[in-house]
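# Secondary and tertiary structure notes
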Amino acid sequence: MARKAYRDRLATLRTDIVLFGELVVERYESAVAAAANGDLREADRIVRGDDEINRRYLELEGDCIDLIARNQPVAGDLRLITASFKILTDLERIGDLATNLAERTEYRSGVHPAVDIESLGLAAGEMVDAAVDAYEDDDPAACRSVAVDDDSLDSDCEATTERIIRELLAEQTAGDSKGLARTVDTTTRGLLTVRDIERVGDHAVNIAARTLYMLDTDNELLY
Amino acid sequence: MSQNESTIDSESESLITTDVQPDTSAEPVSSATTIVETEQLDVYYGDDQALDDVSIAIPENQVTALIGPSGCGKSTFLRCLNRMNDLIDIARIDGTVTLRGTDIYDDAVDPVALRRKIGMVFQKPNPFPKSIYDNVAYGLKVQGKKVTDERVEEALRGAALWDEVKDQLDQSGLELSGGQQQRLCIARAIAPDPEIILMDEPTSALDPVAASKIEDLIDELVEDYTVIIVTHNMQQAARISDQTAVFLTGGELVEFDDTTTIFENPADDRVEDYITGKFG
């Protein structure tokens, strides 16, 4: 095979991206579990581990830049590297969102009871996992499937948001000012949590969209 | 193989016949051991200065690329490293060139012994009008090495050519394709087991596929040899080298650093202009 060293580096980049994706999914799912169970020790591990994710992100970003600068990739090779470059950003952002979830675990009053963190959170995590698998396995159908799953997640998140707002309005109508202050606090964290989980789903779709374009030059999911 | 074995008088690896004190000053860009180093090297052809105060420390077992516009002195620099400029009457050299700390221009150094350690491959493939086997055997003979079938095979394997020619070793080297001829020349260069291989635009006369094979070969050669390559192809330098030295008009070495730095974040604006095509 011609340009063996270059081919090896492309294969290594792809493997490294998949490993990074698996690391991020592990951290995110642990953050969901920590938030659901109020596990402060695990939450602390997630927060402290964000530095490792950021460092690895920058290393892999550097690998992409180096491949472009030194090898002048074209066609499928260029799509692989540019897709990987974009996917890296999505994975790093999922790492940040996992940190957000973990940080909210510290509040003993917990997230709003209307938010089923485990159910919503793990659904988003499975989407990320599926998107990374699609990237690893060259699977366009799996990419499209992630987008379908996101519609369902968005719907669940929207319904949860609506429940939270309704309960807040009900509390306000009841006129309990002390209870209202507490409710505003948990409501805010509840809304932020739902938004973060929804954003994780969006990043999963971004990964799937970049993968689909990388594989088939199909920009269907990019818009 | 049916070829005869022959022996040559000297197997000595020594460059010199008298003691020369090594000079070990260096500012390497790599943590690897410096194998060849120049200090304040000036080269003149008559009244024309081709190199101007070039100091560089080249690491071993890595690929160092020399790039720059035509006439900037990069080929002159390459030829200084195995004293090929000795063959040019009007060439004059100031400064020092050391191989593992030994001044190669010391009177005690034997240029033939030096070239045994520093082989060279040129721009245009130049096999001799002899058989494939004899082309490699010549590389051994001229450097005073014993010719054996094993050594010829080893050199051809080292040049990634063996599998393509093993059944036609009696065929003329001139009947091979351009890319194969260049790899035959590389086999001839590595047959005496040198430490350094100098390459002066080794792929510029080849088509992209043949050039790609040579680039892959260079990647393998650095496991055993130090490769110093002159190339006009900046993309090639970016692809295959560990370090890049940029020469500009007037024979000045403007920047020498690891290749990633040169192509992603060069320190000198003139290098930035050159590699982005703004120069001139």
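Residues numbered from 1 in each chain as written. Chains lettered and ligands numbered in written order. Predicted model: local features only at pLDDT ≥ 70, side-chain atom pairs only at ≥ 80, totals over all residues. Heavy atoms only, no water.

Moving on, we come to a nonpolar patch on the surface. There is a patch of nonpolar side chains on the surface, built from Tyr213(A), Leu222(A) and Tyr223(A) and spanning about 370 Å² of accessible area. You can call Tyr223(A) exposed: its relative accessible area is 81%. (Patch = residues over 30% accessible without salt bridge, like charges linked within 9 Å, V, L, I, M, F, W, Y side chains within 5 Å. Areas by Shrake-Rupley, 256 points an atom, 1.4 Å probe, with all protein chains shown as cover. Salt bridge = Lys/Arg side-chain N within 4 Å of Asp/Glu carboxyl O. Buried < 20%, exposed > 50% of the residue type's maximum accessible area, 1.4 Å probe, protein only.)

At their nearest, the axes of helix H2 (residues 40–71) of chain A and helix H3 (residues 75–104) of chain A sit 9 Å apart, and the two run at 170° to each other. Comparing the axis directions of H2(A) and H3(A) gives the class roughly antiparallel. (Axes fitted to C-alpha atoms, helices over the stretch in contact; angles between N-to-C directions. Helix = DSSP H or I, 4+ residues; strand = E, 2+ residues; numbered from the N terminus. Parallel < 35°, antiparallel > 145°, perpendicular 65-115°, else oblique.)

What follows covers the confidence of the model for chain A. Chain-level pLDDT for chain A is 92 on average; 96% of the residues reach the 70-or-more range. Per-residue pLDDT, averaged within each element of chain A, yields its smallest value for helix H6 (residues 177–216) of chain A (90) and its largest for helix H4 (residues 117–137) of chain A (97). (pLDDT = per-residue confidence, 0-100.)

All names here are of chain B. Over its 13 residues, helix H6 (residues 178–190) extends 18 Å from the first C-alpha to the last, a length consistent with the 18 Å expected when each residue adds 1.5 Å. Buried residues of H6: Gly179, Gln180, Gln181, Gln182, Arg183, Leu184, Cys185, Ile186, Ala187, Arg188, Ala189 and Ile190, and no others. Against strand S6 (118–121), helix H3 (132–142), helix H4 (149–158), helix H5 (162–165), strand S7 (196–200) and helix H7 (208–221) lie the buried residues of H6. (Expected span 1.5 Å × (residues − 1). Contact = heavy atoms within 4.5 Å.)

For the rest of this paragraph, the subject is the pattern of salt bridges. Inspection of every chain in the model, using the stated rule, returns 28 salt bridges over all chains. Notably, a salt bridge pairs Arg157(B) with Glu153(B), separated by 2.9 Å at the nearest N-O pair. With a gap of 4 residues between them, Arg157(B) and Glu153(B) both fall in helix H4, about one helical turn apart. Classification of Glu153(B) as partly exposed rests on a relative accessible area of 24%. Bridged by salt links that share partners, the residues Glu26(A), Arg27(A), Glu42(A), Arg45(A) and Glu52(A) form one connected network.

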